[in-house]
Amino acid sequence: MQFANIGYGFMTTVTPWLSILSIIVVCVLLGYTGATRWLWSLAGAAALFGFGAPLSLWVIFGIVLSLLTIQPLRRLIVTGGIVKILEAMKFLPTISETERTAIEAGNTWIDGELFSGKPNFKRILNESYPDLTAEEKAFMDGPVEELCRITNDWEVFRKKDLPQETWDYIKKKQFFGIIIPKKYGGLGFSPSAHSAIIAKLASRSSPLSTTVMVPNSLGPAELLLHYGTEEQKGYYLPRLARGEDIPSFALTEPGAGSDAGAITSDGIVFRGDDGQLYIRLNWKKRYITLAAISTVLGLAFKLRDPENLLGKGENPGITCALIPTDTAGVVLGRRHDPLGIPFYNSPTEGHDVVVPLDTIIGGPEQAGNGWRMLMESLAVGRGISLPASATGGVRMATRVVSAYAAVRKQFGLSIGKFEGIEEPLARLGGYAYLMEAARRYTCGALDSGQKPAVVTAIAKYHFTELLRKAVNDAMDIMGGAGISRGPRNLIAHAYMGVPISITVEGANILTRTLMIFGQGAIRCHPYAFKEINALMKGDVAGFDRAFWPHIGHVIRNLSRSVLLSVTRGFLLKSPVKGPTAKYYRKISWSSASFALLADIAMGMYGGRLKRMEKITGRFADIFSWMYLGTATLRRFEAEGRREEHLPFVHWSLQYTLAQIQQAFDGLFHNMGFPFKGPITLWSRANSIGSMPSDKLGREVALGLQKPGAERDALTAGTYIPPDTNEALGRLENAFRLVYEADPIAKKVMKAVRFGELAMDRIDRLAMKAIDAGIITQQEAVLLVVAEEARTDAIQVDSFTLTEHMHQEPERSSVRKVA
């Protein structure tokens, strides 16, 4: 009897908890599967029936169900009330016209999938990962190779300009017309080819790549192609393609850097004595690449029309125009010195410059549309120029440092065999694989006509940041050979120039904290922008259409994040089988937790969130690394799942997940959640990844120190001089010889260890080894030649005092390239 009472007591205590647990499980499963409202209603009714609920609960259930499912009733009572509360609280962020233009520029691509919490990897894997056309490959192998050959980077730095031969060849082979269609005399190449060209030029000389990059990026040609009149296109584009006109584009001012909307340059519309309309311009710009030698200046300014002569009001707004630089009042002739990197970067001023109205890009109809032009152009350009030059720089650093680590010896060993060197060398290899993957994947989207503004911002920020890390690692490995400037030094100029790429086209701090997530949260979120628009218009019906699906979106991601955290992502089905399957699951798991946390942050902070830049920066990191990891997976599939690439694939993806994890940890620690206990449990369960192991890093580092297809594929697109008298040609030759001679050297050193030979200089030791029958004559020759090449390759430059004093030429006068 006593045991029966105990059992009854236990059951009466446990049964309610089991019931609650079963309700939670059902709710999580319904949320995970994205069940319809009718399934939720049916589950609610079943629960009431199962618990024998009284009539009063059924009545309440019926009222709630009616309020949520009968649309006119829901809008009138529930949604209308929510709208009034949000308006009174000023909860959601207001969006200025310039912010709206920036958000609406471009479109959403797979970034929308990653923000959804449930990315469709079948769609993602079907996105283009293109190769170059036969014509584009021929251009890479011909003119691009030749341009690299005739440009000596040390001489460019020493003379602070490209040689005249290089300028002439750039014009002759239409390098300024890469993006200009053939019908206007340009090359008409794809974004992929544009990117590949810049990446290869960057591996030779950063001033060279910058000079070619800028006219094909945000500037007159790009703006004319999309917004110019046919007359403007017909006149300017052929001249730009042939290099008859040298373009520049002036946007930045002393008071308007990242906040480009704050420009004070102005243009006033007036009617001339001849009855025609003109614009009187005044400006003061700085940091304008190629301005000092430009013949046509693209100018962004605020247009004013006091007499409303254009019929667009007194302040049409930011406008873009093309100004011939020989126009009276245009001031050129000075030059900035950006960290000693000798590309033309200059200030320019305009004082009462009078130009016809048809200098506006697109004609008078486009007056006031300049901000949209700039934002839409940057939505594409950010994904090409700087990511390409950064990729070229990292590939170059990887190629140089991997060879140097094998050739340079200390304590009788190649330094690449030391674990302290293996660690940064592995990072270089991982970065190189990941960046090339994301470069080509991003360009694939641009090739197909996409304009994914958030993705290109991710590319600009992370590629340039990874370049900074890679160059620092390269300098650490190179040591004294990295800091001693001269024609033998292949790293120092990249080290000097890194901050430039960090700064331009949107400073990296701004890009990370405001653009990637600040704009991404609105642009890529499936409902947020619709809700904000509806609130700003007072549109209850529009808000209703977005708000309730948004609630379902939150419930689904909450359920997915909980279940995937508990099961370590194994509930998910990977779209592929094999060694990379786990990464698809983890990125999908990351997406669910990211989407949920993003909604929680928007719910907790409302409009204040965009000013909480430490929080938005961490969200940007998660979002970005999900994209970079996805691109890495796409590359592995596109290239035929090459087994020899697996160490690089694993390292890149594990590094990616570790960055995601670090950002998640920062959010959990700093977001100020009200319920610490459950959040702590969630944060511990949401352990997505950790840094690559030492063993994996060693595989990557060793793979880089072997000549052959694997290393060549990783650094493909790097310019390698065939001349062994040039720095990289010399280093590559020594690397190959040392690798070939290594088995011979091991036989000789083994004989030394066993006392068969006495230690001596390598040439003498080789002769002794021949006499002792340890190696052949042919092997001895290879051993000696390899040692001579190795010794030569590790030398650094030095100068006489007179030479050093006169390395820097007198300040050259600015000249124009006709």
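Residues numbered from 1 in each chain as written. Predicted model: local features only at pLDDT ≥ 70, side-chain atom pairs only at ≥ 80, totals over all residues. Heavy atoms only, no water.

## Some details on the packing of helix H4 (residues 71-89) against helix H23 (residues 540-566)
For clarity, the threshold we go by: Under this scheme, a helix contributes an axis fitted over its contacting stretch, all axes are lines through C-alpha atoms, and angles between N-to-C directions fall in the 0 to 180 degree range. Each helix is a run of H or I in the DSSP string that is no shorter than four residues. Each strand is a run of E no shorter than two, and both are numbered from the N terminus. For this classification, under 35 degrees means roughly parallel, over 145 means roughly antiparallel, 65 to 115 means roughly perpendicular, and everything else is oblique. Here a residue-residue contact requires only that any non-hydrogen atoms of the pair lie within 4.5 Å. Basically, the charged four are Asp, Glu, Lys and Arg, the nonpolar ten are Ala, Val, Leu, Ile, Met, Phe, Trp, Tyr, Cys and Pro, and anything else, Gly included, counts as polar.
For the pair H4 and H23, the least separation of the axes is 9 Å and the interaxial angle reads 95°. With respect to each other, H4 and H23 are oriented roughly perpendicular. Where H4 approaches H23, its residues Gln71, Arg74, Arg75, Val78, Thr79, Gly80, Ile82, Val83 and Leu86 are matched on the opposing element by Val540, Ala541, Phe543, Asp544, Arg545, Phe547 and Trp548. Of the residues that constitute the contact of H4 with H23, the class distribution is nine nonpolar, three polar and four charged.

## Overview of the environment of valine 562
Convention followed: Type-normalised accessible area, obtained with a 1.4 Å probe on protein chains alone, sets the label of each residue: buried when under 20%, exposed when over 50%, and partly exposed for intermediate values.
Relative to the elements of secondary structure, valine 562 occurs in helix H23. We classify valine 562 as partly exposed; its relative accessible area is 34%. Between the C-alpha atom of valine 562 and that of asparagine 686, which follows or precedes it by 124 residues, the distance is 8.5 Å.

## Some words on the pattern of salt bridges
The following threshold applies: Salt bridges are defined as contacts in which a side-chain nitrogen from Lys or Arg sits within 4 Å of a carboxyl oxygen from Asp or Glu.
The tally for this structure, following the rule as stated, stands at 40 salt bridges. As a salt-bridge pair, lysine 182 and glutamate 135 come within 3.3 Å of each other at their nearest N and O atoms. Within this pair, whereas lysine 182 is found in the loop between helix H10 (164-172) and helix H11 (191-202), its partner glutamate 135 is found in helix H8 (residues 134-150), the two being separated by 47 residues in sequence. By relative accessible area, lysine 182 is classed as partly exposed at 49%. A salt bridge links glutamate 244 to arginine 239; the nearest nitrogen and oxygen atoms lie 3.5 Å apart. Residue class for glutamate 244 comes out partly exposed when judged on its relative accessible area of 35%. Three or more residues joined by partner-sharing salt bridges are found here, namely Arg239, Arg242, Glu244 and Asp245.

## So, the environment of phenylalanine 343
As for its placement among the helices and strands, phenylalanine 343 is situated in the loop between strand S6 (330-331) and strand S7 (345-356). Of the residues examined, phenylalanine 343 reaches a relative accessible area of 6% and is grouped as buried. Sequence-distant contacts of phenylalanine 343, that is, excluding residues within four places in its chain, are made with Pro207, Thr210, Thr289, Arg335, Pro338 and Ile500.

## With respect to unusual backbone geometry
When glycine is set aside, most residues are seen to have a negative phi, and most peptide bonds are trans. Positive phi, close to 60°, is recorded for leucine 339, a residue that is not glycine. Structurally, leucine 339 can be placed in the loop between S6 and S7. The exposure class of leucine 339 is partly exposed, given its relative accessible area of 47%. With phi around 60°, arginine 568 is a residue other than glycine that occupies positive phi space.

## Re the state of the cysteines
Note the following rule: Note on disulfides: each one is a pair of cysteine sulfur atoms within 2.5 Å.
Enumeration over the complete set of coordinates arrives at zero disulfides. The thiol of cysteine 443 is not disulfide-bonded; the next cysteine sulfur, from cysteine 148, is found 18 Å away. For cysteine 443, a relative accessible area of 0% translates into the label buried. Cysteine 524 carries a free sulfur, and the closest cysteine sulfur to it, the one in cysteine 443, is 19 Å from it. Taking the relative accessible area as the measure of exposure, cysteine 524 reaches 4% and is therefore buried.

## Overview of helix H32 (residues 777-793)
Rules: To estimate how far a helix should reach, multiply one less than its number of residues by 1.5 Å.
Its 17 residues place the ends of H32 24 Å apart at the C-alpha level, agreeing with the 24 Å of an ideal helix rising 1.5 Å per residue. Of the positions making up H32, those classed as buried are Ala780, Leu783, Val784, Ala786, Ala789, Arg790 and Ala793.

## Things to note about the nonpolar core
Test applied: In these notes, a set of buried Ala, Val, Leu, Ile, Met, Phe, Trp, Tyr and Cys residues joined through side-chain atoms within 4.5 Å is what counts as a nonpolar core.
Membership of the largest hydrophobic core comes to 137 residues, with the highest contact counts inside it found for Phe517, Phe594, Leu597, Phe619, Phe623, Tyr627 and Met671. When residues of this core are assigned to their parent elements, the largest contribution, 15 residues, is made by helix H18 (residues 453-478). Beyond its immediate chain neighbours, meaning those up to four positions away, leucine 597 contacts Phe619, Phe664, Leu667, Phe668, Met671, Phe673 and Trp682. Core analysis: the second largest hydrophobic core is formed by 65 residues, Ala102, Ile178, Ile180 and Leu251 among them.

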